[in-house]
Amino acid sequence: MLAAEMRAQLKRKVETYNTEKGRNIGLAVVIVGNDPASQIYVRNKIKACEEVGFKSFAHYLPGDISQRRAEELVRSLAEDTAVDGILVQLPLPGHLNAQKLLGLIPAEKDVDGFSAENCGKLLLNEKGLVSCTPFGIMKLLEKYNIKIAGSNAVVLGRSNIVGKPMAMLLLNADATVTVCHSKTKNLKDICSAADIIVSAVGKAGFVTADMVKDGAVVIDVGMNRTDKGLCGDVDFENVSKKCSYITPVPGGVGPMTITMLLYNTYLAAVDR
Ligand code: NAP
């Protein structure tokens, strides 16, 4: 499995870095409030950090913290030389201005790749930190020798954290990219012509076999909690019979996302 392989490789590199520099690479994680899903994500991220040899700095803030206090913390982390990467777990409570808070993370410590500067660099095809989920998908495509240049790629979803950066990465890799969203017409026709489909819609069973051409590559980003448990956007049972490569949920993209967070933190430390 690529995620496990990459983490093992990273662990060796981090050991070398920590020994040579006499310090541990550090990731600060900020979580506000008690959202149960966010608590689980943060716990998993901290565990993964420690497994590869990072020092983690977890900041659990009360749900009613003021914007000013939250900003003070992010500013102090921005200046802290022990901190290589900063992650603010989303979503934040409604009274906080998330964009303003995220904007205080310096681009070189923005290991989620959400800052305007890093998004701009991706647009310009310049080196920067890239959003973890789409970055992980590019690593999967590379690992399985899936040809991107010249392919017709369809991205379902246009969020700032998955759909848009995914589309830019595919475009930068010379695919012809179509981005679909809730107002897109003739979705079935568009998908049926795709060599690569990346689905980040968030609806169980959204991608059906009649939308997929024979031999296509299907990447399922969706994480949908249903009565049957966690499932993706793709009708895996039927779509998998037609395509040449498909990622399952659970598995597939999910484990790559945390792996790329670790990888981005390593890159942030090495490049500083
Ligand atoms: P999001 O912000 O809710 O975006 C969903 C996108 O789907 C929007 O662009 C929306 O279009 C589009 N959409 C909704 N209905 C549609 C329809 N009928 N036809 C075509 N497009 C439609 O979600 P997100 O944050 O990108 O996440 C998407 C999914 O990926 C979720 O299930 C999330 O849990 C999962 N996810 C997984 C990982 C992972 O590591 N595996 C990481 C991040 C997210 P509009 O823009 O027009 O509203």
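Residues numbered from 1 in each chain as written. Predicted model: local features only at pLDDT ≥ 70, side-chain atom pairs only at ≥ 80, totals over all residues. Heavy atoms only, no water.

Student: Explain the overall build of the protein to me, please; I cannot follow it from the model alone.
Tutor: Within the protein, the secondary structure is distributed over 10 helices and 10 strands. For 272 residues, the compact-globule formula gives about 19 Å, and the C-alpha radius of gyration of the protein, at 19 Å, lands near that figure. With the C-alpha coordinates aligned to their principal axes, the bounding extent of the protein is approximately 50 × 40 × 40 Å. Scored against the burial criterion, the 272 residues of the protein give a buried share of 48%. Across the protein, every contact between residues at least 6 apart in sequence was considered, and the portion connecting residues at least 24 apart equals 69%. In the form shown here, the protein has an accessible surface area of approximately 13,400 Å², with 53% of it arising from carbon and sulfur atoms. Of the side-chain charges in the protein, 32 are positive and 29 negative, and the distance between the mean point of each set is 1 Å. (Helix = DSSP H or I, 4+ residues; strand = E, 2+ residues; numbered from the N terminus. Rg over C-alpha atoms; globule rule 2.2 N^0.38 Å. Buried < 20%, exposed > 50% of the residue type's maximum accessible area, 1.4 Å probe, protein only. Contact = heavy atoms within 4.5 Å. Areas by Shrake-Rupley, 256 points an atom, 1.4 Å probe, with all protein chains shown as cover. Lys, Arg positive; Asp, Glu negative; His and termini not counted. Charge placed at Lys NZ, Arg CZ, Asp CG, Glu CD.)

Student: It is not clear to me how unusual backbone geometry should be interpreted in this structure. Could you clarify?
Tutor: The bulk of non-glycine residues show a negative phi, and the bulk of peptide bonds are trans. Put simply, Leu 90 and Pro 91 share a cis peptide bond, and its omega is 0°. Topologically, Pro 91 is positioned in the loop between β3 (85–88) and α4 (98–102). Following Val 249, the chain continues to Pro 250 via a peptide bond in cis, the omega torsion being 0°. Among the secondary structure elements, Pro 250 is positioned in the loop between β10 (245–246) and α10 (253–270). Its identity as a non-glycine residue notwithstanding, Asn 125 has a phi of 60°, on the positive side. Along the polypeptide, Asn 125 turns up in the loop between α5 (116–123) and α6 (132–143). The class for Asn 125 is exposed, based on a relative accessible area of 51%. In this structure, Asp 174 is a non-glycine residue whose phi angle is positive, near 75°. Of note, Asp 174 is situated in the loop between α7 (163–172) and β5 (176–180). On the basis of relative accessibility, which here comes to 53%, the residue Asp 174 falls in the exposed class.

Student: What's the story with the packing of helix α1 (residues 2–21) against α10 in this structure? I'm lost.
Tutor: Each pair of packed helices gets described by two things: the angle between the helix axes and the distance between those axes. Look at α1 against α10: their axes get within 10 Å of each other, and the N-to-C directions meet at 20°. When the interaxial angle is binned, α1 and α10 end up roughly parallel. For the element pair α1 and α10, the recorded crossing hand is left-handed. Residues Leu 2, Ala 3, Met 6, Arg 7, Leu 10, Lys 13, Val 14 and Tyr 17 of α1 pack against Pro 255, Met 256, Ile 258, Thr 259, Met 260, Leu 262, Tyr 263, Tyr 266, Ala 269 and Val 270 of α10. Broken down by class, the residue content of the contact of α1 with α10 amounts to 15 nonpolar, one polar and two charged. (Axes fitted to C-alpha atoms, helices over the stretch in contact; angles between N-to-C directions. Parallel < 35°, antiparallel > 145°, perpendicular 65-115°, else oblique. Left-handed = near helix turned anticlockwise from the far one by under 90°. Nonpolar A, V, L, I, M, F, W, Y, C, P; charged D, E, K, R; others polar.)

Student: How should I be thinking about the packing of helix α2 (residues 36–52) against α10 in this particular structure?
Tutor: For the pair α2 and α10, interaxial distance at closest approach is 10 Å and the crossing angle is 55°. Judged on the interaxial angle alone, α10 and α2 are oblique. Seen along the crossing, α2 lies across α10 with a hand that is right-handed. Two secondary-structure elements touch here, α2 through Asn 44, Lys 45, Ala 48, Cys 49 and Val 52 and α10 through Ile 258, Leu 261 and Leu 262. A breakdown of the residues in the contact of α2 with α10 according to their chemical character gives six nonpolar, one polar and one charged.

Student: Would you mind going over the sheet that holds strand β6 (residues 196–199) with me for this structure?
Tutor: Adjacent strands of a sheet form backbone hydrogen bonds with each other and so pair up, either parallel or antiparallel. Read from one edge to the other, the open sheet built from five strands follows the order β5-β4-β6-β7-β10, with strand pairing classed as parallel. In this open sheet, the two edge strands, each paired with only one partner strand, are β5 and β10. As paired elements, strand β4 (residues 152–156) and β6 share four bridges and run parallel to each other. Bridging from a neighbouring strand, Val 155 pairs with Val 198 of β6. (Pairing = 2+ DSSP bridges.)

Student: What should I look at first to understand the nonpolar core in this one?
Tutor: Nonpolar side chains tend toward joint burial in soluble globular proteins. Ranked by size, the top nonpolar core spans 54 residues in total, and within it Phe 54, Ile 137, Leu 141, Leu 170, Val 198 and Ile 219 carry the most contacts. Excluding residues within four positions of it along the chain, Leu 170 makes contact with Met 138, Leu 141, Ile 148, Ala 153, Val 155, Ala 175, Val 177 and Val 198. Membership of the second largest hydrophobic core comes to 18 residues, among which are Leu 61, Val 74, Leu 77 and Leu 92. (Core = buried A, V, L, I, M, F, W, Y, C linked by side-chain atoms within 4.5 Å.)

Student: How should I be thinking about the packing of aromatic side chains in this particular structure?
Tutor: Any two aromatic rings considered together are summarised by their centre-to-centre distance and by the angle between their planes. This model, assessed by the stated rule, comprises two aromatic pairs. Consider the rings of Phe 135 and Tyr 263, whose centres lie 5.8 Å apart with planes at 55°: the pair is tilted. With Phe 135 in helix α6 and Tyr 263 in helix α10, the pair connects residues that are 128 residues apart, well separated along the chain. Here Phe 135 matches Tyr 263 in class, with each residue buried. (Phe/Tyr/Trp six-rings, centres within 6.5 Å; stacked < 30°, edge-to-face > 60°.)

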